[in-house]
Amino acid sequence: MALQFLFNLLIAFLWMAINNNNSGSTFVVGYLLGIGLLLLFRKSRSQSRPFYLIRIWAVLKLLLIFARELTVSNFVVIGHIIRPKLAIRPGIFAYETALTTPWEVTLLSCLICLTPGTLTLDVSKDGKTLYIHAIDIKDAELLVTQIRGTFERAIREVTR
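Residues numbered from 1 in each chain as written. Predicted model: local features only at pLDDT ≥ 70, side-chain atom pairs only at ≥ 80, totals over all residues. Heavy atoms only, no water.

Asks: Give me the sheet that holds strand β1 (residues 91-96): which residues, what numbers.
Replies: Within a sheet, each strand pairs with its neighbour through backbone hydrogen bonds, oriented either parallel or antiparallel. Taken in spatial order, the three strands make up an open sheet running β1-β3-β2, and their pairing is antiparallel. This sheet does not close on itself; its edge strands, each paired only once, are β1 and β2 (118-123). Across the sheet, the mean angle from the axis of one strand to that of its neighbour is 30°, orientation sign disregarded. Inspection of the sheet shows β2 paired to strand β3 (residues 129-134) by five bridges, in the antiparallel sense. In the sheet register, T120 faces β3, and the bridge partner there is I132. Against the sheet, helix α5 (residues 140-159) touches β1 and β3, its axis set at about 50° to β1. (Pairing = 2+ DSSP bridges. Helix = DSSP H or I, 4+ residues; strand = E, 2+ residues; numbered from the N terminus. Axes fitted to C-alpha atoms, helices over the stretch in contact; angles between N-to-C directions. Contact = heavy atoms within 4.5 Å.)

So, in structure tokens, the structure goes:
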């Protein structure tokens, strides 16, 4: 992936040198030309590694999902705070994850901790179960499906 990115930069700088123009627009054109060339040569060679822009797009999606969840949960927590009567049901639930590497599980637990209203309390020794405290548990299965459908899926796209 890093090699593909370096080749793309090299093609962009070569394009700038060929055109004898150091403007940003020439760099962008060269960069886009490099993407096209890398995709063309990637199709001719059977590579098992994914194209680097796919991984970058997956990282951006993960960051956008986190930003959305952070914003939504902030408003939910603020809503709980400003209500005159506190109507929450805090609780702890076990979350079985399909993530395999310690890095993936750590990233998931950090994303859960950074989202207001949830906190990862512990991870089992085998790394398959996370014990999560939530400020309002109406339906633990709904929380499990939300985590699995947002954070866990996005982490798998980034790491695999």
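Asks: Give me the lowdown on the nonpolar core, citing residues and values where you can.
Replies: Within the largest apolar cluster, 22 residues are counted, with the highest numbers of intra-cluster contacts made by F93, Y95 and L108. When residues in this core are grouped by element, the largest group, seven residues, is from α5. Counting residues in hydrophobic clusters, the runner-up holds seven residues, among them L9, A12, I35 and Y52. (Core = buried A, V, L, I, M, F, W, Y, C linked by side-chain atoms within 4.5 Å. Buried < 20%, exposed > 50% of the residue type's maximum accessible area, 1.4 Å probe, protein only.)

Asks: So, the side chain of T26: which residues are in play, and what are the values?
Replies: Mapped onto the elements of the fold, T26 is located in helix α2 (residues 24-44). Side-chain polar atoms of T26 contact the side chain of N21, separated by 3.1 Å. Setting aside chain neighbours within four positions, we find T26 in contact with W15, M16, N19 and N21. (Polar contact = N/O pair within 3.5 Å; in protein donor to acceptor, adjacent residues only side chain to side chain.)

Asks: How would you summarise the environment of G34 if you had to cite specific residues and measurements?
Replies: Its location among the elements puts G34 in helix α2. Note: C-alpha distance between G34 and W15 (19 residues apart in sequence) is 9.0 Å. With sequence-adjacent residues up to four places away left out, G34 is seen in contact with N8 and I11.

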